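# Structural overview
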Amino acid sequence: MTAPKGKVMNSSTPEPIRWPAEALWEALAAVLPGFTVEVLPEIDSTNSELMRRFRGSPGIAPRPEPTLLVAEQQSAGRGRLGRNWQSRRGASLTFSLGLPLQPADWSGLSLVAGISVAESLEPLALRKPGAPRIGLKWPNDLWLQLPEGKDAAERKLGGILVETASWEGMRYVVIGIGINIDPVDLPEATAAMAAVPPGCLRDLLPGVDTPEALMRIVPPLVQAVQAFEQFGFAPFQSRFAARDVLAGRVVDLSDGSSGTAHSVGENGALLVHTANGMKEITSSEVSVRPSTHGAAAKDTPAC
Ligand code: BTN
């Protein structure tokens, strides 16, 4: 299926979700030649599916064209570091953007995606005192920061999983994004497993739904990724710093050390001041958490 679709029907889903596939295609076809938009009722993982398509298989040619793949439901959503990503139809937005990309330096791409999503959903210029904010936790978490008061908290709003593959000198990137939309109650056992309880976009934008969130996020995301391809991470450094939730906090690194986070460098590396001096954290295998929180979650629940 390569044509843009405005609506997806599925016999097991009483309420069709009206996706803005046509509007997205019209907004982006000129800057992404060969672009397709596709919405699936269910798939294991939108990232896995775009990686499979890019790689091809015996008898099936690789498909390197720019593609936005949205899933109403994922049966095996994936997060970073081998974690699961749990989501529910209508309550979570799950999609991947795949496209060929040739930046001189790949460092910082997942941070750029996070910056773009945060700016689309909560522009700094429109910030109101006392309103929830979107912060970024290096390298790829979107956090909802609820204001002071009895429910003051930081909650995970979404996450980003960037993967790349190569074929005949072409490098293809898949940027997978999951955002919690609707604050429905989690089963107690699932909530108890989470290191950080989930936050939902409706706490910030009451009434927002998955199609509206998709429409807000995707065109600026494409623009940001293309700017990154041309100029690298450096122009985004201060935009990350403006939302950096770890800055000034003591963090524990998964290699056993700890220190104080000092935002990110020009290449997107997290700078951590440790007893042995300033460490540049670049490895995607190193996880970082504020030391006041509990152990890292195995599964990341969505709303
Ligand atoms: C994380 O926080 O660890 C990253 C979560 C990324 C989840 C999204 S949902 C759409 C895409 N498909 C996946 O299987 N994962 C990403």
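Notes on the structure in this doc start here. (Residues numbered from 1 in each chain as written. Predicted model: local features only at pLDDT ≥ 70, side-chain atom pairs only at ≥ 80, totals over all residues. Heavy atoms only, no water.)

## Here's the deal with the overall build of the protein
The helix and strand inventory of the protein stands at 6 helices and 14 strands. The long-range share in the protein, meaning contacts at least 24 apart out of those at least 6 apart in sequence, stands at 65%. Surface exposure of the protein reaches about 13700 Å², of which carbon and sulfur atoms provide 52%. (Helix = DSSP H or I, 4+ residues; strand = E, 2+ residues; numbered from the N terminus. Contact = heavy atoms within 4.5 Å. Areas by Shrake-Rupley, 256 points an atom, 1.4 Å probe, with all protein chains shown as cover.)

## Looking at helix α5 (residues 210–231)
Across its 22 residues, α5 extends 31 Å between first and last C-alpha, which sits within 8% of the 32 Å expected from 1.5 Å per residue. If you check which residues of α5 are buried, you get T210, P211, A213, L214, I217, V218, L221, V222, A224, V225 and F228. Two or three places before E212, at the start of α5, stands the capping residue D209, its side-chain oxygen 3.0 Å from that residue's backbone nitrogen. Within two residues after α5, G232 carries a phi angle of roughly 80°, on the positive side. (Expected span 1.5 Å × (residues − 1). Buried < 20%, exposed > 50% of the residue type's maximum accessible area, 1.4 Å probe, protein only. Polar contact = N/O pair within 3.5 Å; in protein donor to acceptor, adjacent residues only side chain to side chain.)

## What about the site of the ligand?
Taken together, 20 residues lie around the ligand, and S45, Q74, R78, R80 and K156 are the ones closest in. Residue Q74 places a side-chain N or O atom 2.9 Å away from a nitrogen atom belonging to the ligand. Within the backbone of R78, a nitrogen or oxygen atom sits 2.7 Å from a nitrogen atom of the ligand. In isolation the ligand offers 420 Å² of accessible surface; the protein chains occlude 99% of this area. Going through the elements one at a time, α2 (46–55), β4 (92–100), β7 (153–167) and β8 (170–180) are the ones with two or more residues in the shell around the ligand. It is β7 that contributes the most residues to the shell around the ligand, 4 residues altogether. (Near = heavy atom within 4 Å.)

## Structural notes on the packing of helix α1 (residues 21–28) against α5
Packing of α1 against α5 leaves a shortest axis separation of 10 Å and a crossing angle of 20°. Accordingly, the angle class assigned to the pair α1 and α5 is roughly parallel. Read as a crossing pair, α1 and α5 show a hand that is right-handed. Contacts between α1 and α5 pair A23, L24 and L28 from the former with L214, M215, V218, P219 and V222 from the latter. Across the contact of α1 with α5, the residue classes break down as 8 nonpolar, no polar and no charged. (Axes fitted to C-alpha atoms, helices over the stretch in contact; angles between N-to-C directions. Parallel < 35°, antiparallel > 145°, perpendicular 65-115°, else oblique. Left-handed = near helix turned anticlockwise from the far one by under 90°. Nonpolar A, V, L, I, M, F, W, Y, C, P; charged D, E, K, R; others polar.)

## Observations concerning the pattern of salt bridges
This structure, assessed with the given rule, holds 15 salt bridges. A salt bridge links E65 to R63; the nearest nitrogen and oxygen atoms lie 3.4 Å apart. Residue E65 is classed as partly exposed on the basis of its relative accessible area of 25%. Note on R63: relative accessible area 29%, which makes it partly exposed. Because the salt bridges share partners, they merge into one network encompassing E38, D44, E49, R52 and R53. (Salt bridge = Lys/Arg side-chain N within 4 Å of Asp/Glu carboxyl O.)

## Let's talk about the environment of S75
Relative to the helices and strands, S75 resides in the loop between β2 (67–71) and β3 (84–85). In this structure, the C-alpha to C-alpha distance between S75 and I43, residues 32 residues apart in sequence, is 6.2 Å. Apart from residues no more than four positions distant in its own chain, S75 is found in contact with E42, I43 and D44.

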